[in-house]
Amino acid sequence: MKYVIAIIKPHKLEEVREALGSLGVAGMTVSEVKGFGRQKGQTEIYRGAEYSVNMVPKVKIEIATSDALAAQIVETIQGTANSDAIGDGKVFVLDLGSAVRIRTGETGDTAL
């Protein structure tokens, strides 16, 4: 099993969610987060005054999946969230040791 974590631009969330749904992804967790990468934030202009924003708003998507589907999920997120602009985001893939469905007690892939 794999745990896929993606940090993307907020306006890309719905497009990514639809693309993952067409792959057969049954569920995901989405959080609104803030952070920065190489760009170190951004400069914005508000009412004629320029100011620096240190943390940029992003969306974090978390998906627990089978090994077989993980590569397709990463490829789909990358292709869908890509706008060829700085700050498009990152995708991380971690090994998932175990999973348990609380209601039924199912474990492993069947719990997903």
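Residues numbered from 1 in each chain as written. Predicted model: local features only at pLDDT ≥ 70, side-chain atom pairs only at ≥ 80, totals over all residues. Heavy atoms only, no water.

Looking now at the side chain of threonine 76. Position of threonine 76 among the secondary structure elements: in helix H2 (residues 67–81). With residues up to four places along the chain from it excluded, the contact list for threonine 76 reads Ala19, Leu20 and Leu23. (Helix = DSSP H or I, 4+ residues; strand = E, 2+ residues; numbered from the N terminus. Contact = heavy atoms within 4.5 Å.)

A few words now on the nonpolar core. Counting 13 residues, the largest nonpolar core has Ile8, Val16, Leu20, Ile61, Ile63, Ile73 and Ile77 as its most contacted members. Broken down by element, the residue count for this core peaks at 4 residues, all from H2. In this view, valine 16 contacts Ile8, Ile61, Ile77, Thr80 and Ala81; residues no more than four positions away in its chain are not counted. (Core = buried A, V, L, I, M, F, W, Y, C linked by side-chain atoms within 4.5 Å. Buried < 20%, exposed > 50% of the residue type's maximum accessible area, 1.4 Å probe, protein only.)

The next thing to look at is the layout of surface pockets. When its volume is computed, the second largest pocket comes out at roughly 260 Å³. Looking at the second largest pocket, it is lined by 15 residues, and the ones nearest its centre are Ala26, Gly27, Ile63, Ala64 and Leu112. Among the secondary structure elements, those contributing two or more residues to the lining of the second largest pocket are strand E5 (56–65) and H2. In terms of residues, the lining of the second largest pocket owes the most to one element, E5, which gives 4 residues. The class makeup of the residues in the lining of the second largest pocket is 9 nonpolar, 5 polar and 1 charged. (1 Å grid on protein atoms, 1.4 Å probe; cavity = no way out; pocket = protein on both sides within 12 Å on 5 of 7 lines; lining within 4 Å. Points joined across faces, edges and corners; volume = space filled by probe spheres on them. Nonpolar A, V, L, I, M, F, W, Y, C, P; charged D, E, K, R; others polar.)

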